[in-house]
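# Survey of secondary and tertiary structure
So the chains spell out like this:
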Amino acid sequence: MKIFFLFTFSTFLLSAFEQAAASAHYDKILTHSRIRARDQGPNVCALQQVMGTKKKYFSTCRNWYQGAICGKKATVLYECCPGYMKMDGTRGCPAVAPIDHVYGTLGIVGATSTQRYSDMSKLREEIEGRGSFTFFAPSNEAWEQLNSEIHRNLVDNVNIELYNALHHHMVNKRMLTKDLKNGMTLVSMYNDQKLLINHYPNGVVTVNCARIIHGNQIATNGVVHVIDRVLTAVGNTIQDFIEVEDDLSSLRAAAITSDVLDILGRPGHYTLFAPTNEAFERLPRGVLERIMGDKVASEALVKFHILNTLQCSEAITGGAVYETLEGNILEVGCDGESLTVNGVKMVKRKDIVTSNGVIHLIDEVLIPDSAKQVIELGGAQQTTFTDLVAQLGLASSLRPEGQYTLLAPLNGAFSDDTLRMDQRLLKTILQNHIIKVKVGLNELYNGQELETIGGKLLRVFVYRTAVCIENSCMVRGSKEGRNGFIHIFRQIINPAEKTLHEMLRHDKRFSVFLSLVKAADLDDVLSRPGEWTLFVPTNDAFKGLTDDDKNILIRDKNALRNILLYHLIQGVFIGSGFEPGVTNILKTIQGGKLYLKTVNDTLLVNELKSRESDLMATNGVIHVIDKLLYPADLPVGNDQLLTILKKLIKYIQIKFVRDSTFKEIPLTFYKINIIESNVQPITRKEDPSITQLTKLIEGEPEFKIVREGETITKVIHGGPEIKYTRITAGGSDNEEKLKKLLEEEVTKVTKFIEGDGHLLEDEEIKRLLQGEAPVRKVQPNRRTQGGAARRRTRLAYP
């Protein structure tokens, strides 16, 4: 119990300290100002003054080291900290300022205009007397900046208007800055009018958005805080202001349509960046009509102008981001005296304070991504792509009610040669960058296929720090619009058209490597479906290789396979998918390791530069190199082979261990089995027949009843190496024997389909097959009767 009490008490103390710290930002900043001025003597504070103005700040570390406030250069001033004063002949501010009543304290802090008006309005007697007051006293400059008409009306009616106005600046209890908590509401001494307090992390404290510029001047009957403007009465809610302000009629219509206006009538601490009618008129008519006709888009539009925090202009001394009610963020900053939104000066009128927030009038409508069409999401770095989409007529195919994903290359990805292409070809290229469905970044996964509006299937590759589609990888900047996503890519996406083998066969640079692949019986690997990364040496890598040398290599098939398969990796690895500067260790099919990394956008393989990377194939990717790769830990035991390899490989020292041999690498890692047969339907008729069986393999093929004349092709990937025997239609005797034998088995098959558990006996069929692969038992599937002949293909992956 004692332990529980101690834990509870300590938690309470921590909570209390945290709350105190959260409301003491002003005092912390003031302490930092003391530290910065410690060389100037005791009780001196360092301030920054914006050049060309009288505005002074106790600065945050960020502003101090930048030497600027709101982007404007600031000079350093040294003044006595609040509550202290100078003495003749001494450094710093060693003397404590005299403590007087509130009226006298107004003179001590230099608020002489407020002091004079207190005299004129007969307030002096009250603030010299007994009590505990907080006086938010406008500075002399604040009175000068007050609207002249308002100022004149106050001075002309000192006994009522001026007296009430000064009472509006007072609270009937003492409140130091540490007591002024963010979001609190105080009741003033005039007609219980509200005073809205905001205490910001940068040390700024505001009262109805007026900044305290000199705080905590203690008086015998209270405290005085000097503020930078004269307070005016707080209006009603933000909703009330919008409903009566003629210049906000367009915003009012949008807020009513989207059911957002009522939100702005509720209690809260909102900031509204309110576009004027003129701002709405600047929007293209089609855009405005589309948004206003779409309740979801109009709601997003209005909410994008609302922050769920109260941001007074005087509290903004640098850029910061704030979340809007729509969910996305706005960057609010300042440029001198002007507020900026997303880096643009657009605020016409600042700090219209209401009972539930503040309004800043702006001359530009802010359109969130969620209210935009997907084609409108392109930024300054994707203008080439979006312009081409519009010029080639593809934008019109992106219907507002549809769902799309744009894969937008950066402007630099479009070379002059690309832009000079025939427009039909260029349109095809762009179609490969528009996906038929809406796919967000977090919905993409490795091995996924995305269909474009041009009918192409694009493959997705997900790596540790990158997401790539075909040969191109994403950069930051994905956005979601009303009818789709846009993702940004480094390069133009080139969908694969050929297999690895076809690419090698059609490029003369790789003729030597391809001949060795064929000699090692590996060309089938590069022809079949799969996912491979192949490092292909050009013919330059084989300079000095004679025909005799080549024959020696070819005769030692194990050695040749070891060398070639050291260039092959299971999986597709795009060069730009690697984290820059980080070594990636990948295991090859040979068993050795390759060390890959990218430096300055160049792929290095075992420290050798790839001359051309990311050549996409339907079954993998090719990276071109100009040296033959060889595993450094693999010894050679043959003098002739060592001599040949030394001709080709000079960047590493090849180990020699006499009589050592290369391990045999079976081709089980890729074997693909094929069943292809042209069959007559096996039905419930009495005399069904099979006309031709072109390939039989060992395995467990699915048994299907097919329609007459139908051709079935089945491809099975993976699994152990399986031998298969071909039966061609060359010999009529064999064909007749096979036909007769199969006809005898039809009854057994038919009975099995109807429920008889007896399966085909295959002993006699095996005698007619070349090889030793038996035909295993089959499982029943479904029955089909009649129908025209057709070809059926099925891929089954491991």
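None of the values given here were measured: they were computed from a predicted structure.

Pairing is antiparallel across the open sheet formed by 4 strands, whose spatial order is 16-17-18-19. Every other strand in the sheet has two partners, leaving strand 16 (320-323) and strand 19 (344-345) as the edge strands with one partner each.

Moving on: the packing of aromatic side chains. Applying the stated criterion to the full structure yields 4 aromatic pairs. Consider the rings of Tyr117 and Trp143, whose centres lie 4.7 Å apart with planes at 70°: the pair is edge-to-face. One end of the pair, Tyr117, is in helix 5 (residues 112-120); the other, Trp143, is in helix 7 (residues 140-145), with 26 residues separating them in the sequence. Residue Trp143 is classed as buried on the basis of its relative accessible area, which comes to 2%. On the basis of an interplanar angle of 10° and a centroid distance of 6.3 Å, the ring pair of Phe573 and Phe578 is categorised as stacked. For Phe578, a relative accessible area of 8% puts it in the buried group. Taken together, the ring pairs in this structure connect Tyr463, Phe573 and Phe578 into an aromatic cluster. Arg116 extends its terminal NZ or CZ atom over the ring of Tyr117, reaching a point 5.1 Å from the ring centre. Over the aromatic face of Tyr57 sits the side chain of Arg211, whose NZ or CZ is 4.0 Å from the ring centroid.

Tracing the backbone through its elements, the reader meets Leu176 in the loop between strand 8 (170-171) and strand 9 (185-187). Overall, Leu176 belongs to the partly exposed group, its relative accessible area being 22%. Once residues lying within four places of it in the same chain are set aside, the contact partners of Leu176 are Asn216, Ile218, Val223 and His225.

What follows covers the pairing of strand 31 (residues 584-587). A one-sided burial pattern is seen for strand 31, the buried positions being Asn584 and Leu586 and the unburied ones Ile585 and Lys587. In terms of strand pairing, strand 31 meets strand 32 (residues 593-599) through 4 bridges, oriented antiparallel. Counterpart to Asn584 in the pairing with strand 32 is Leu596. Here strand 31 hands over to strand 32 after 5 residues, with Gly591 in that stretch at a positive phi of 115°.

Let's shift gears to unusual backbone geometry. Unlike most non-glycine residues, Asn208 shows phi in positive territory, near 50°. As for its position among the elements, Asn208 is in the loop between strand 11 (205-207) and strand 12 (210-219). Even without being glycine, Asn216 reaches a positive phi, approximately 65°. Mapped onto the secondary structure, Asn216 falls in strand 12. Owing to a relative accessible area of 17%, Asn216 belongs among the buried residues under this scheme.

Attention shifts here to the pattern of salt bridges. Pairing of side chains with opposite charge becomes possible as their charged atoms draw close. Within the structure shown, the criterion is met by 36 salt bridges. Among the salt bridges present, the one from Asp422 reaches Arg424, with a minimum N-O distance of 3.1 Å. The class of Asp422 is partly exposed, set by a relative accessible area of 42%. A salt bridge links Lys557 to Asp521, with the shortest nitrogen-to-oxygen separation between them at 2.8 Å. Placement of the pair is Lys557 in helix 21 (residues 557-565) and Asp521 in the loop between helix 19 (511-519) and strand 29 (532-537), with a sequence separation of 36 residues.

With that out of the way, let us pick up the nonpolar core. Counting residues in hydrophobic clusters, the biggest one holds 46 residues, and the most contacted among them are Leu504, Ile622 and Tyr630. Elements supplying a minimum of two residues to this core: helix 18 (500-505), helix 19, strand 29, helix 20 (547-555), helix 21, strand 34 (608-617), strand 35 (620-625) and helix 22 (639-648). In this view, Tyr630 contacts Ile563, Tyr566, Pro635, Val636, Leu645, Ile649, Tyr651, Ile652, Ile654 and Phe662; residues no more than four positions away in its chain are not counted.

A separate point is the packing of helix 19 against helix 21. Running from amino to carboxyl end, helix 19 crosses helix 21 at an angle of 130°, the nearest separation of the two axes being 10 Å. Here helix 19 lies oblique to helix 21, going by the angle between them. Crossing geometry of helix 19 relative to helix 21 is assigned as left-handed. Mapping the contact onto sequence places Phe513, Leu516, Val517 and Ala519 in helix 19 and Lys557, Leu560 and Leu564 in helix 21. A breakdown of the residues in the contact of helix 19 with helix 21 according to their chemical character gives 6 nonpolar, no polar and 1 charged.

To continue, consider helix 21. Most of helix 21 is tucked away: 7 of the 9 residues are buried. Ala559, Leu560, Arg561, Asn562, Ile563, Leu564 and Leu565 are the residues of helix 21 that are buried. Against helix 19, helix 20, strand 30 (568-570) and helix 22 lie the buried residues of helix 21.

Conventions and cut-offs
Residues numbered from 1 in each chain as written. Predicted model: local features only at pLDDT ≥ 70, side-chain atom pairs only at ≥ 80, totals over all residues. Heavy atoms only, no water. Pairing = 2+ DSSP bridges. Helix = DSSP H or I, 4+ residues; strand = E, 2+ residues; numbered from the N terminus. Phe/Tyr/Trp six-rings, centres within 6.5 Å; stacked < 30°, edge-to-face > 60°. Buried < 20%, exposed > 50% of the residue type's maximum accessible area, 1.4 Å probe, protein only. Lys NZ or Arg CZ within 6 Å of the ring centre and 35° of its normal. Contact = heavy atoms within 4.5 Å. Salt bridge = Lys/Arg side-chain N within 4 Å of Asp/Glu carboxyl O. Core = buried A, V, L, I, M, F, W, Y, C linked by side-chain atoms within 4.5 Å. Axes fitted to C-alpha atoms, helices over the stretch in contact; angles between N-to-C directions. Parallel < 35°, antiparallel > 145°, perpendicular 65-115°, else oblique. Left-handed = near helix turned anticlockwise from the far one by under 90°. Nonpolar A, V, L, I, M, F, W, Y, C, P; charged D, E, K, R; others polar.

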